[in-house]
Amino acid sequence: MLLINIVGIVLIALIVWWFWLYKPKEAELGENDLIITVENGTYSPARIKVPAGKAIDIKFMRKDPTPCSETLLIPELSISETLPLNKLKSITLPALQAGEYAFHCQMQMYRGQIMVGN
Amino acid sequence: MSSNTTSGDASCHSNDATTSPHYLHTHDHHHHDAKTANLQELIIEGAGCASCVGKIESALNAVPGVEKAEMNFAMRTVSVAGTAPADALVNAVEKAGYNAKIATAEHEDDALAEKEQADWAYYKRLMRDMTIALSVGVPLMIYGIVGGAMTVNTTGERLAWLAVGLLTFAVMVIAGKHFYIGAWQSFKNHSANMDTLIALGTGTAWLYSMVVVAAPQLVPEMARHVYFEATAMIIGLIDLGLALELKARGRTSEAIKRLIGLQAKTARVIRDDKELDVAIEQVLMDDIVRVRPGEKIPVDGEVIDGHTAIDESMLTGEPMPVEKAEGDAVAAGTINKTGSIRFKATRVGKDTALAQIINMVKRAQNSKPPIGRLADVISAYFVPVIMIIAITSALAWLNFGPDPALAFAIVSATTVLIIACPCALGLATPMSVMVGVGKAAEAGVLIRNGEALQTASKISAMILDKTGTITLGAPKVTDILIASEEDESTVLKLAASLESGSEHPLALAIVETARERGIESSKVANFSAIAGHGVQADVDGKTLLFGNEKLMRERNIDLGEFVEKAQNLAIEAKTPMYFAVNNRLSAIIAVADPIKDDSIAAIKRLQQNGIRVVMLTGDNRATAKAVAAKAGISEFFAEVLPEDKSKKVQELQMEGEVVGMTGDGINDAPALAIANVGFAIGTGTDVAIESADITLMRGSLHGLADAIAVSKATLRNIKQNLFGAFVYNAAGVPFAAGVLYPFFGVLLSPVVAGAAMAFSSLTVVTNANRLRLFKAQEH
């Protein structure tokens, strides 16, 4: 019984670490702009790094037919765009100050971060 | 060849808006008949060399009805002028050894149709998955309900359940694959979503059941229960929920669909004396466009000849058609009713008022009011929290639960995972906002964002600017009191002639009245303006004088009893002006800015809804008092300078009011900005769409009451949704974990949780759709 309890607590600790504490790698925005694929409930890459103070185009390719994935929201920038299925959609980010900007779908089930750095 | 050129409505499509206008110019043939030619564009495949150009062009030129075919090699497109049918063109190119297809422009409604098609395909897939899953799950569940043993004790039972387990696995692979892939993908990304919960829940139930089947000795005898039916049922029910949600969602965007549907696809432009039907995106600024009765206005413009009545209701909510003649503005998307007009395009493409409105409504529909933010924060952390709760619940059952503790632990963990999907919570706000903003747009009320929508529902005081808001903003002649032998039309004729050179708004009112009555003005000589007093001139050999009492006194003109009459007019908020002919008083002409027809009723509506209505004006106190009394407003501020309007807003805010400010947008801008909600009255196309929180497309103040009513209804709807979602999620979790067990000895079945979860989003979307039935109070 003790063993099971320990396993349970370790599992909880793992969940906390995996979903909250661990910071996944960022994809650097290349010279040719980056494509974020929306598929199977995720954005990939989900964390992207872009330079500050420069307007940037990010392209989205939605392959996921669930209705939720259709809307892309970047609340801090008041961006809300409909992503067509299986087609590239370019979204222009204004020149941004350094910081983190979250993007997600309507239900917030698909989530990503734009890291703006110098 | 031109004899073939009959008029037709076939359109020229292009998928390349940047180059096609140039095509059009190169294709204009200088026929001077004004018949309609068509331009079609083909996309050519397989044309690899420049020499193909000649071959394709000559093949097309040989087709009857083709006036001229010209290929753009770089773009691999051919523009064909003439009346030849599209399939004949495609055939000709194919005969020449290439592939061709007709280019179609990317219209917004095409995109919509494509989306609907994709949604339909996904819907069918979900329904198929649902059928597969439920055809396994339902018989199993019925077997359990009628008392069939769901336990594994004998070898026969083991074999039978092994078969069922494998069948269930097939269901998971065929009908539930997307959940498992999605869960894995998002896990790799360090995120958790709805798929995570479903995959974990159904996976746990299946794995446990398989352990019972494969190695029953590992499990206490009492806990040798299988849950295959739960796995299959949950997958089936959630697929069903998703499918129904997809359907219901389609309806929430109806308003946008309707707006997009207003856009015309083609326009008839006149270039080089020739009428051409072109795709809407090929209309250029300053193009001359012809519109016949019954046709849609394709782009914004200014009428250059003809007159007609135009139905602008789709844009403004104003039911009456509006008369248009030379010099008037027309807006894209409105319908030409009676006459044929030609107009010059002033705004095209994305700049038309309609395109801007569509854009704005779309943006507003996806923005969130502050009330939704808490739900957002909850949603973001929800899934991992639920996973932790599920583990904790399982541990609690194992440690403290009655026998069979293991089975209880598995059931409660599975049920917690399944019931807790926060999707309904995430949908609660956006779905209602989408419908509410769309509903408002249909009534000619443009709400800029979710925040404005929420604040508008709380407005307690509404400040109305007088001129142009309560009143028409255009003075009109209200009274003509004759003091001499001249009759009214002579007076008007002389006065209008005299004033025709003046730019003063009061003068314009007189000139306009004369024009309306068909009175022509005469020639004016020796015109002079007397600053602060009036004007003087000679017309038809008479010396005319027009101005205030001071002017008359200075010229020693006897006013007699008319001084008193003039004062009475002033009390009624009219501006009286004296008119003298050859130094004798001829008439008093009174001009006033009349109150709009429905202002009084609309103000009453606001007051009945408990809103304190305050009038604000730069006019003198007497006029302000008279207008306020007429409009039914007891509170007003007169002689307010434009820069002080915002101070009045602040004063009311200091009193604790949530202040709405309504103005016509230009001199009221600071006050609009400082108010809790700024309402701009936009008249038709000249609307400053971006300037206010809420824009009323029609002049009527009923729009204010409508806007507040819609925002209240939407907020109420959001609250219902949030409550519903909360019941499903937060309140459902403890039940799933088993809080009822110590009291009633019951534990929620995972199947019930699956059904609850499947229908939670559906409930929210359906409730949001109820808003579509909302009607602002009749007026």
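As the structure is a prediction and not an experimental result, all values here were calculated from the model.

## Side note on the overall build of chain A
Along chain A, the regular secondary structure elements total one helix and 10 strands. The secondary structure elements of chain A, listed N-terminal to C-terminal, are α-β-β-β-β-β-β-β-β-β-β. Expressed as a percentage of the 118 residues in chain A, the buried residues total 47%. Put simply, of all contacts in chain A between residues at least 6 apart along the chain, 56% involve residues at least 24 apart. Of the roughly 5900 Å² of accessible surface on chain A, a fraction of 58% belongs to carbon and sulfur atoms.

## Let's talk about unusual backbone geometry
Here the residue pair A:S44 and A:P45 is connected by a cis peptide bond, since its omega of 0° sits within 30 degrees of zero. With respect to the helices and strands, the residue A:P45 is situated in the loop between β3 (42–44) and β4 (47–51). Unusually for a residue other than glycine, B:D272 sits at a positive phi of about 50°. Looking at the secondary structure, you find B:D272 in the loop between β5 (266–271) and β6 (274–279). B:D272 gets classed as partly exposed once you look at its relative accessible area, which sits at 41%. Located in the positive-phi region is B:N582, a residue other than glycine, with phi close to 50°.

## Observations regarding the sheet that holds strand β22 (residues 612–616) of chain B
All names here are of chain B. Strand order in the open sheet formed by seven strands is β14-β26-β25-β24-β15-β22-β23, with mixed pairing between adjacent strands. Bordering the open sheet on either side are β14 (445–447) and β23 (635–637), each of which pairs with just one other strand. Mean inter-strand twist for the sheet, computed between neighbouring axes without regard to direction, equals 20°. By the bridge criterion, four bridges tie strand β24 (residues 659–663) to strand β25 (residues 677–681) in an arrangement that is parallel. Bridging across to β25, G663 finds its partner in A680. In this fold helix α22 (residues 621–631) packs onto β22 and β23, with an angle of close to 155° to the strand it touches most, β23.

## Focus on the environment of B:D693
All names here are of chain B. The topology assignment puts D693 in the loop between β25 and β26 (694–696). As a C-alpha pair, D693 and R448 span 245 residues in sequence and 5.2 Å in three-dimensional space. Aside from chain neighbours lying at most four places away, what touches D693 is L446, I447, R448, A452, N676, V677 and G678. Among the polar contacts made by the side chain of D693, one reaches the main-chain amide nitrogen of G678 at a distance of 2.8 Å.

## Section: the pairing of strand β15 (residues 461–465) of chain B
All names here are of chain B. Most of β15 is tucked away, with five of its five residues classed as buried. Side chains A461, I463 and D465 project from β15 onto one buried face, and the interleaved M462 and L464 project onto a second face that is buried too. Across four bridges, the pairing between β15 and β24 is parallel. Paired with M462 across the strands is G660, a residue of β24.

## Remarks on the interface of chain B and chain A
Interface size is often expressed as the accessible area that is lost when the parts come together. Taken together, the contacts link 45 residues of chain B with 34 residues of chain A. Across the interface of chain B and chain A, roughly 3600 Å² is buried in total on both sides, 64% from carbon and sulfur atoms. Counting every contact that joins chain B to chain A gives one salt bridge. Across the salt bridge formed by B:E114 and A:K87, the nearest N and O atoms sit 2.7 Å from each other. Taken together, chain B and chain A are joined by three residue pairs in polar contact (both at pLDDT 80 or more). Elements with a minimum of two residues in the side of chain B that touches chain A: α4 (108–145), α6 (177–188), α7 (194–214), α8 (228–252), α12 (373–400) and α14 (423–442) of chain B. Taken together, the residues of the side of chain B that touches chain A break down into 23 nonpolar, 12 polar and 10 charged.

## Details of the sheet that holds strand β21 (residues 584–592) of chain B
All names here are of chain B. If you trace the six strands from one edge of the open sheet to the other, you get β16-β21-β20-β19-β18-β17, paired in antiparallel fashion. This sheet does not close on itself; its edge strands, each paired only once, are β16 (476–482) and β17 (524–530). Ignoring strand direction, the axes of neighbouring strands in this sheet form an average angle of 20°. Across six bridges, the pairing between β16 and β21 is antiparallel. Within β21, the position partnered with D479 by the bridge is A590. In the packing of helix α18 (residues 505–516) onto the sheet, contacts are made with β16, β19 (542–547), β20 (575–581) and β21, and the angle to β16 comes to roughly 80°.

## Observations regarding the pattern of salt bridges
Residues and elements named next belong to chain B. This model, assessed by the stated rule, comprises 28 salt bridges over all chains. Where K574 meets D479, a salt bridge forms, and the shortest distance between an N and an O atom there is 3.0 Å. Here K574 is found in the loop between α20 (562–571) and β20, whereas its partner D479 is found in strand β16, with 95 residues between them in sequence. Note that E657 and R612 form a salt bridge whose closest N and O atoms lie 2.7 Å from each other. You can see E657 sitting in the loop between α23 (645–654) and β24 and its partner R612 sitting in strand β22, a full 45 residues away along the chain. Residue class for E657 comes out buried when judged on its relative accessible area of 18%. Linked through salt bridges whose partners overlap, the residues forming this network are E254, R258, E442 and R772.

Parameters and conventions
- Residues numbered from 1 in each chain as written.
- Chains lettered and ligands numbered in written order.
- Predicted model: local features only at pLDDT ≥ 70, side-chain atom pairs only at ≥ 80, totals over all residues.
- Heavy atoms only, no water.
- Helix = DSSP H or I, 4+ residues; strand = E, 2+ residues; numbered from the N terminus.
- Buried < 20%, exposed > 50% of the residue type's maximum accessible area, 1.4 Å probe, protein only.
- Contact = heavy atoms within 4.5 Å.
- Areas by Shrake-Rupley, 256 points an atom, 1.4 Å probe, with all protein chains shown as cover.
- Pairing = 2+ DSSP bridges.
- Axes fitted to C-alpha atoms, helices over the stretch in contact; angles between N-to-C directions.
- Polar contact = N/O pair within 3.5 Å; in protein donor to acceptor, adjacent residues only side chain to side chain.
- Buried area = accessible area lost by both parts, 1.4 Å probe.
- Salt bridge = Lys/Arg side-chain N within 4 Å of Asp/Glu carboxyl O.
- Nonpolar A, V, L, I, M, F, W, Y, C, P; charged D, E, K, R; others polar.

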